[in-house]
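# Observations on chain architecture
For reference, the chains in residue letters:
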Amino acid sequence: MKIYNTLTKKKEEFIPLEEGKVRMYVCGPTVYNLIHIGNARPMIVFDTVRRYMEHKGLEVNFVSNFTDVDDKIIKRANEEGIEAGEVAKRYIEECKKDMAALNVKPATKHPLATEEIGGMLEMISHLIEKGYAYEKNGTVYFRTRKFKEYGKLSHKNLDDLQSGNRSLLVTGSDEKEDSLDFVLWKPKKEGEPAWESPWSDGRPGWHIECSVMSKKYLGDQIDIHAGGEDLVFPHHENEIAQSEAANGKEFARYWMHNGFLNIDNKKMSKSAGNFFTVRDIAEKYDLQVLRFFMLSAHYRSPLNFSADLMEAAKNGLDRILTAVSKLKLLLENSKEIELTEEEKTLLERVHKLEEKFDNAMDDDFNTADAISAIFEIVKESNSHLNENSSKEVVTKVKESIESLCDILGIITEKEEELLDSDIESLIEERQLARKNKDFKRADAIREELLQKGIILEDTRQGVTWKRA
Ligand code: AMP
Ligand code: ZN
């Protein structure tokens, strides 16, 4: 299995630190709003990496944080006149609902920054002791130039960075020793949440959170650290500096970064109005379509989102789901007969396509090519399987498509949607049961409908219903 490593700018063979086990950390969202479709990209992409590794028999310890203290969260809380913690709690819950609808598996652990302050105080103190950090007026800074390998991930040169920062220095208000130094701890301002520390009542900087949570749940050294490409600099560069200075060991072996999602070929931005939350998309599409759309491109390429491309993704996914439904139907009627010679060669071709899928995934998770292998199996199925096929060939082809889709987190088991006419007749049956005082049956029907997302309301005019 090969992974493109941002650190070495090369595809490298993946060798985990401990045989059969993977320690993986993915930077999670800052929870001040519903997540947008850009945030969904790393979630889907790295969930797929995890699923593929699990399919290969690796045990993946997958940690992904929620940044639940931050300027944007505090701003939102002030606007609403509530505590920052309440804003974060609300949007963590909403984010988890979106993740479930995208079929993103819950992480082994989802740490919250605010629950890990103790570890942050410890790491900051340790960095001060080792001379990698210093305090000025209640703020603690990391002494960037002391970490000799600074810039190794983003391939930036310290002096170029310094000249880019010169404008900051001439403002005169900078109390840092060096313009490259970054904040580990900052004192609170009026109305901000704060924790006690040896330096000031305040809160941690963003970068130290991930270094600490990764260390606590995965250890000093991990296999993979991942996130969107905007995090390479400064976030991940700073995480490396903090972790390697504190622990004296290489932090992560492989650094993976997803490309950005753009809308109509423009950068997604709230102010420009070209901005969608995952919830916006859910109004129009099953979120499986969004997942399928994201996986249709290589994770490192920029991906353009448009109505046309979503329609194309919907059609592609439908083609696969329809093929699986057709195979299920065939299975009910197929006969237990010997495989014919043609069926044997068909199964060989399907097996080759399964290998093609694995080869694509082994090549830095090329999901676009992996999906095209699934389409080829669908094509084989549509053109060669029919009422005369043996049960064995139908079962094998069906299982092949289902298991490859499952590796990508695509659900093929489609819950049949109730037709309006079915709902109406169940309501009629319920009314009749009530008339006959069979309340048990009437309640059972209400419950059955609710399970399928149909909500009944008894009004004076009669029963009305809506889809949840
Ligand atoms: P944030 O809440 O901004 O820290 O973002 C959470 C995750 O989403 C990070 O891994 C970001 O890199 C990623 N991300 C944010 N916007 C986009 C985008 N437009 N396309 C792809 N990834 C994004
Ligand atoms: Zn992070």
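The structure under discussion appears in the preceding block.
Because the structure is a prediction, the values reported are computed rather than measured.

It is worth spelling out the sheet that holds strand β13 (residues 303-305) at this point. If you trace the 3 strands from one edge of the open sheet to the other, you get β12-β11-β13, paired in mixed fashion. Looking along the sheet, the strands with just one partner apiece sit at the ends: β12 (266-267) and β13. Bridge analysis of strand β11 (residues 261-263) against β12 gives 2 bridges, and the strand direction is antiparallel. Paired with N262 across the strands is K267, a residue of β12.

To continue, consider the packing of aromatic side chains. Enumeration over the complete set of coordinates arrives at 11 aromatic pairs. The rings of Y132, F142 and F182 are connected pair by pair, giving a single aromatic cluster. In this arrangement the basic side chain of R319 is found over the ring face of F375, its NZ or CZ atom lying 4.4 Å from the centre.

It is worth spelling out the sheet that holds strand β9 (residues 222-228) at this point. Remark on secondary structure: sheet strands pair via backbone hydrogen bonds, oriented parallel or antiparallel. Judged by pairing direction, the sheet is parallel, and its 4 strands sit side by side in the order β4-β3-β9-β10 without closing on themselves. In this open sheet, the two strands that pair with only one neighbour each are β4 (59-64) and β10 (252-258). The average undirected angle you get between the axes of adjacent strands in this sheet is 20°. Here strand β3 (residues 21-26) pairs with β4 via 6 bridges, running parallel. Considered in β4, the bridge of V22 is made with V60. The strands touched by helix α6 (residues 206-218) within the sheet are β3, β4 and β9, with β3 carrying the most contacts at an inclination of about 155°.

Attention now moves to the coordination of the zinc ion (ligand 2). Distances from the zinc ion (ligand 2) to its protein donors, C27 (SG), C210 (SG), H235 (NE2) and E239 (OE), fall at 2.1 to 2.8 Å. Taken together, the 4 donor atoms coordinating the zinc ion (ligand 2) span angles of 69 to 129° at the metal, a pattern that classifies the geometry as irregular. Linear spacing of the donor residues for the zinc ion (ligand 2) on their chain is C-x182-C-x24-H-x3-E. You can see C27 sitting in the loop between β3 and α1 (37-55) and its partner E239 sitting in helix α7 (residues 232-247), a full 212 residues away along the chain. The exposure classification of C27 matches that of E239, with both residues buried.

Our next topic: empty space enclosed by the protein. By the definition in use, this model includes 2 cavities of 30 Å³ or more. Its boundaries defined by the atoms lining it, the largest cavity holds a volume of some 40 Å³. Forming the boundary of the largest cavity are V45, T48, V49, L295, A297, Y299, F365 and T367. Looking at the lining of the largest cavity, the element that brings in the most residues is α1, giving 3 residues. Of the residues in the lining of the largest cavity, the class split is 6 nonpolar, 2 polar and no charged. There is about 30 Å³ of room inside the second largest cavity.

Attention shifts here to the side chain of H207. In this fold, H207 is placed in helix α6. Take H207: its relative accessible area is 11%, and that puts it in the buried class. Ignoring sequence-local partners within four residues, the contact set of H207 consists of F182, P234, H235, N238, E239 and Q242.

We now examine the packing of helix α10 (residues 307-333) against helix α13 (residues 391-407). For the pair α10 and α13, interaxial distance at closest approach is 10 Å and the crossing angle is 150°. Classed by the angle they form, the pair α10 and α13 counts as roughly antiparallel. Between α10 and α13 lies a crossing of left-handed hand. From α10, I320, V324, L327, K328, L330 and L331 reach across to α13, where they touch K391, V394, T395, V397, K398, I401, E402 and C405.

Scoring rules and cut-offs
- Residues numbered from 1 in each chain as written.
- Chains lettered and ligands numbered in written order.
- Predicted model: local features only at pLDDT ≥ 70, side-chain atom pairs only at ≥ 80, totals over all residues.
- Heavy atoms only, no water.
- Pairing = 2+ DSSP bridges.
- Helix = DSSP H or I, 4+ residues; strand = E, 2+ residues; numbered from the N terminus.
- Phe/Tyr/Trp six-rings, centres within 6.5 Å; stacked < 30°, edge-to-face > 60°.
- Lys NZ or Arg CZ within 6 Å of the ring centre and 35° of its normal.
- Axes fitted to C-alpha atoms, helices over the stretch in contact; angles between N-to-C directions.
- Contact = heavy atoms within 4.5 Å.
- Donors = N, O, S within 2.8 Å, 3.2 Å for Na, K, Ca; no water.
- Tetrahedral: all angles 85-135°; square planar, octahedral: opposite > 155°, others 65-115°.
- Buried < 20%, exposed > 50% of the residue type's maximum accessible area, 1.4 Å probe, protein only.
- 1 Å grid on protein atoms, 1.4 Å probe; cavity = no way out; pocket = protein on both sides within 12 Å on 5 of 7 lines; lining within 4 Å.
- Points joined across faces, edges and corners; volume = space filled by probe spheres on them.
- Nonpolar A, V, L, I, M, F, W, Y, C, P; charged D, E, K, R; others polar.
- Parallel < 35°, antiparallel > 145°, perpendicular 65-115°, else oblique.
- Left-handed = near helix turned anticlockwise from the far one by under 90°.

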